[in-house]
Amino acid sequence: MTRTWSRTSRVIAGTATALAVLTACGGGGDDTASKPNGPVTITFWGWAKGSKDVVDAFNASHTDIQVKFEEIPSGTAGGYAKISNAVKAGNAPDLVSIEYSSLPEFVSSGALQDIGDQFTEADRAKLLPQSVELTTLGGKSWAVPFDAAPQAFFYRKDLFAEYKLQVPTTWDAFKKAAEQVKKADAKARIATFFPDDPTTFEAMAWQAGAQWFKAENDTWKIDTTDPATTKVTTYWQGLLDADLVHKDASFSPEWVGSLKNGTTIGYLGASWGAGVLKGNVPELSGKWAVAPIPTWDGKPASGMLGGTSFAVTKDSRQKAAAVTFAEWMSTTEEGVKARIASGTSSAFPAAAALRPVAKKAFDAGYYGGQDIYALFESAGASINPNWSWGPTTGTTNTAIKDRFGKIAQGGPSIADAVKAGHDATVAELTKRGLKVEG
């Protein structure tokens with residue numbers, strides 16, 4: 001594993017070089033390097049399950065720092081726009097949740113502070129290198145990593161048994177199983193394509209070995225027509241064309257309703273999805289199980305779907321307090337317990353030492369007592385190391401999402417959406433005065 005993640009270091013190092021010209025505009029704040037020495041109040045915006053429970057636990061156990069929490073929509077559902085607008089208006093909160101995929105964009109826009117003086121090498125050593133690397137850009141530390149988010153396949157084990165389905169380990173087997181499901185129940189489907197969520201598709205491309213964003217020296221190389229992406233695009237277009245998967249917005253009433261009535265019997269998600277199912281369809285306790293995500297050759301492989309970090313906004317004057325709280329959430333038993341014991345979060349901590357704490361705190365009875373954290377551990381070890389995120393994820397994803405929503409028989413395709421994302425990315429990078437190939 002050390003050798004595998006050393007390749008990630010090289011990828012991130014290249015990314016850092018290309019970002020260097022952008023990170024100069026990152027805020028520095030006027031907070032000193034000392035830890036807070038008096039009662040202070042900080043504001044925190046986030047959406048991850050269990051966040052309020054964590055804030056309540058922190059406030060109950062700390063007198064020197066108190067946290068005011070505001071729940072905002074998830075990033076791609078409006079949360080990032082809200083954060084960006086607040087930064088522009090000069091009234092942003094002290095601390096915000098930002099997924100790894102979107103962190104470079106916030107850094108490049110100057111919305112965040114470098115927290116390296118507070119989040120030290122000793123602090124970072126507690127966390128998995130891959131998560132730390134995703135929050136280190138331009139040689140600076142921009143956020144405290146909270147979790148990793150390896151992919152997983154959640155399925156209705158009772159209906160799999162009823163339909164005599166084998167849990168698919170390859171994408172070929174997944175398609176065959178999808179055909180069996182539709183044959184067994186004309187209204188049922190094995191899974192859902194989320195037209196509002198490009199990140200799920202991107203995780204599939206990541207798993208297959210794609211490298212959409214690659215930084216070499218001072219040039220960004222954008223490639224969405226590589227064989228890995230083309231394979232994933234063709235595969236999912238085939239599933240849609242054959243009506244083998246539903247097409248509903250992620251976490252929408254339609255999607256949740258289909259889980260409840262058994263017309264959706266699988267969910268291609270990530271480690272945090274275990275809490276999502278438990279929270280959305282509690283009445284189905286004991287009927288769901290978790291399996292590794294199918295792969296192209298049957299060997300373990302995963303992308304990362306999401307993953308949360310905590311960043312300090314550029315105008316915060318309470319950087320030390322904000323980082324103290326962020327570290328408490330990410331690197332202490334109390335913080336992890338508070339989040340996961342709520343029953344809605346199945347986060348897979350970036351702090352490897354805290355995974356046993358997470359496993360113990362999460363009531364796996366919903367999954368029949370299955371050791372889902374052992375599965376997440378294996379999936380995390382299989383994350384493809386060669387993917388990195390560019391500084392225009394918002395632009396890329398908006399363009400793809402717009403086209404995904406229009407996909408129809410004889411109309412726009414997944415390939416059209418990916419091309420639109422590519423073109424928008426190249427145009428935005430060029431607009432910012434960066435060298436681009438692709």
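Here's a quick rundown of the structure.

Side note on the overall build of the protein
The secondary structure content of the protein amounts to 18 helices and 17 strands. By principal-axis analysis of the C-alpha atoms, the protein measures approximately 65 × 50 × 40 Å. Taken over 438 residues, the protein has a buried fraction of 58%. Just so you have it, the protein exposes about 17,000 Å², and 52% of that area is on carbon and sulfur atoms.

Some points on the layout of surface pockets
When its volume is computed, the largest pocket comes out at roughly 770 Å³. Taken as a whole, the second largest pocket holds about 550 Å³ of empty space. In this structure, the second largest pocket is lined by 22 residues; those nearest its centre are Tyr80, Ser84, Glu105, Phe106 and Gly394. Counting residues per element, the ones that place at least two in the lining of the second largest pocket are helix 3 (79-89), helix 4 (103-108) and helix 17 (393-404). Considering each element in turn, the lining of the second largest pocket owes the most residues, seven residues, to helix 17. Tallied by class, residues from the lining of the second largest pocket come to six nonpolar, eleven polar and five charged.

Let's talk about the sheet that holds strand 10 (residues 213-216)
Taken in spatial order, the three strands of this open sheet run 10-11-17, and their pairing is mixed. The sheet terminates laterally at strand 10 and strand 17 (435-437), the two strands that pair on one side only. On average, each strand axis in the sheet is inclined to that of its neighbour by 25°, with strand direction left out of account. Where helix 18 (residues 414-431) meets the sheet, its contacts fall on strand 10, strand 11 (219-222) and strand 17, and the angle it forms with strand 11 comes to roughly 170°.

Observations regarding the pairing of strand 13 (residues 266-270)
Of all five residues making up strand 13, five are buried, and the element is well covered by its neighbours. Side-chain alternation along strand 13 places Gly266, Leu268 and Ala270 on one buried face and Tyr267 and Gly269 on a second face that is also buried. Relative to strand 13, strand 8 (residues 151-156) is paired through five bridges, and the arrangement is antiparallel. Bridged to Phe153 within strand 13 is Leu268.

A look at the environment of Gly369
When you line up the elements, Gly369 lands in the loop between helix 15 (355-361) and helix 16 (372-381). Between the alpha carbons of Gly369 and Ala415 there is a distance of 41 Å; along the sequence they are 46 residues apart.

Remarks on the sheet that holds strand 3 (residues 95-99)
Here we have five strands laid out as an open sheet, ordered 2-1-3-15-6, and mixed in their pairing. Bordering the open sheet on either side are strand 2 (65-71) and strand 6 (144-145), each of which pairs with just one other strand. Pairing between strand 6 and strand 15 (residues 308-312): two bridges, direction antiparallel. Considered in strand 15, the bridge of Pro145 is made with Ser309.

Quick notes on the pattern of salt bridges
A full pass over the atoms with the stated rule returns 17 salt bridges. Residue Lys52 pairs with Asp56 through a salt bridge whose shortest N-O separation is 2.9 Å. Highlighted residues: Lys52 and Asp56, both in helix 2 (residues 51-61), separated by four residues, approximately one helical turn. With relative accessibility at 51%, the residue Lys52 sits in the exposed group. Overall, Asp56 belongs to the partly exposed group, its relative accessible area being 39%. Residue Lys319 pairs with Asp117 through a salt bridge whose shortest N-O separation is 3.1 Å. Residue Lys319 is found in helix 13 (residues 319-331), and its partner Asp117 is found in the loop between helix 4 and helix 5 (121-124); the two are separated by 202 residues along the sequence.

Reading the values: the criteria
The written sequence of each chain sets the order in which its residues are numbered from 1. With the structure being a predicted model, the display of local features is reserved for residues of pLDDT at least 70 and the display and counting of side-chain atom pairs for 80 or more, all residues being used for whole-chain, interface and lining totals. Side-chain numbers come from the whole structure's heavy atoms, not from hydrogens or water. Each helix corresponds to a stretch of at least 4 residues labelled H or I by DSSP, and each strand to a stretch of at least 2 residues labelled E; elements are numbered beginning at the N terminus. Here the term buried applies to any residue with accessible area under 20% of the maximum for its type, exposed to any over 50%, and partly exposed to those in between, with areas from a 1.4 Å probe on protein chains only. Only the protein chains shown count as cover for residues, with accessible areas throughout obtained via the Shrake-Rupley method and a probe of 1.4 Å. Site definitions follow a grid-based scheme: protein atoms alone, a 1 Å grid, a 1.4 Å probe that fits but cannot get out for cavities, and for pockets an open set with protein on both sides within 12 Å along at least five of seven lines, plus lining residues having an atom within 4 Å of a point. Grid points are joined across faces, edges and corners, and a volume is the space filled by probe spheres set on the points. The classification used treats Ala, Val, Leu, Ile, Met, Phe, Trp, Tyr, Cys and Pro as nonpolar, Asp, Glu, Lys and Arg as charged, and all other residues, Gly among them, as polar. For two strands to count as paired, DSSP must find a minimum of two bridges between them. The angle between two axes is taken between their N-to-C directions and runs from 0 to 180 degrees, where each axis is a line fitted to C-alpha atoms and a helix contributes only its stretch in contact. Whether two residues touch is decided by their heavy atoms; if any such pair falls within 4.5 Å, the residues are in contact. Salt bridge criterion: a side-chain nitrogen from Lys or Arg within 4 Å of a carboxyl oxygen from Asp or Glu.

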